[in-house]
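Chain residues, written in single-letter form:
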Amino acid sequence: MDLASYADLVVELVNTGRPAEPERDSLRDLAALRELLTIRPHLSGRVTHTDLDAIRELRAELRKIFDAVAHGDEDGAVERLNSLLIQHPIHPQISGHDGQRWHLHISESGSVPDRYAAGAAMGLAIYISDHGIGRLRVCQAPSCANVFFDNTANRSRRHCAVHCSTTTSPQPGV
Ligand SMILES: [Zn+2]
């Protein structure tokens, strides 16, 4: 797994939630959690309801980081991320599975939520160090609260997806 792609764990998890519409939450049971984990073979393992609670708690913590940035509180966002990094230390291992060249895995031990948290927090820390914290965004479409990384050259992206940029926006031209 490419180190940069650990940051994707953050977006994939946070966007399972709908803060304003809990009934549309897509991470409500163990089947949904297993589904989220299937694309990450290194995160596979038995999961319990305790793990589900832990992952949902992690999701809330990660969202607060994006919300803090959206409200201009970069120091607060970094403080939250640093506390996640302390709570979920990484356990790096060099791995060469499936015919791939040797590459670094950064979270190889602990429970599934611990490994998810360690990978996500480190991925986000690497992303922020490389690209700047201002690229963490919350979609501005009404009724969407998805988070994303704005990787455009002029930092102009305001929506998580094309369909969100075409929904009626209270701010013309955004
Ligand atoms: Zn959106």
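Residues numbered from 1 in each chain as written. Predicted model: local features only at pLDDT ≥ 70, side-chain atom pairs only at ≥ 80, totals over all residues. Heavy atoms only, no water.

## Points about a nonpolar patch on the surface
Together, I94, W102 and L104 give the surface a local cluster of nonpolar side chains, amounting to about 360 Å² of exposed area. Assignment of secondary structure puts W102 in the loop between β1 (93-95) and β2 (103-105). Judged by relative accessible area, which is 64%, W102 ranks as exposed. (Patch = residues over 30% accessible without salt bridge, like charges linked within 9 Å, V, L, I, M, F, W, Y side chains within 5 Å. Areas by Shrake-Rupley, 256 points an atom, 1.4 Å probe, with all protein chains shown as cover. Salt bridge = Lys/Arg side-chain N within 4 Å of Asp/Glu carboxyl O. Helix = DSSP H or I, 4+ residues; strand = E, 2+ residues; numbered from the N terminus. Buried < 20%, exposed > 50% of the residue type's maximum accessible area, 1.4 Å probe, protein only.)

## Thoughts on the coordination of the zinc ion
Around the zinc ion, the protein contributes the donor atoms C139 (SG), C144 (SG), C160 (SG) and C164 (SG), which lie 2.3 Å from the metal centre. In primary sequence terms, the donor set of the zinc ion follows C-x4-C-x15-C-x3-C. In this pair, C144 sits in the loop between β3 (136-138) and β4 (147-149) while C160 sits in the loop between β4 and α6 (162-165), placing the two residues 16 residues apart along the sequence. Just as C144 is buried, C160 falls in that class too. (Donors = N, O, S within 2.8 Å, 3.2 Å for Na, K, Ca; no water.)

## Notes on a negative patch on the surface
A grouping of D73, E74, D75 and E79 is seen on the molecular surface, where their side chains present a negatively charged patch. Tracing the backbone through its elements, the reader meets D75 in helix α4 (residues 74-87). (Lys, Arg positive; Asp, Glu negative; His and termini not counted. Charge placed at Lys NZ, Arg CZ, Asp CG, Glu CD.)

## Regarding unusual backbone geometry
The phi dihedral of S143 falls on the positive side, at around 65°, and the residue is not glycine. Judged by its relative accessible area of 60%, S143 is exposed. Positive phi, close to 50°, is recorded for R155, a residue that is not glycine. When you line up the elements, R155 lands in the loop between β4 and α6. In this structure R155 comes out as partly exposed when scored by relative accessible area, which is 38%.

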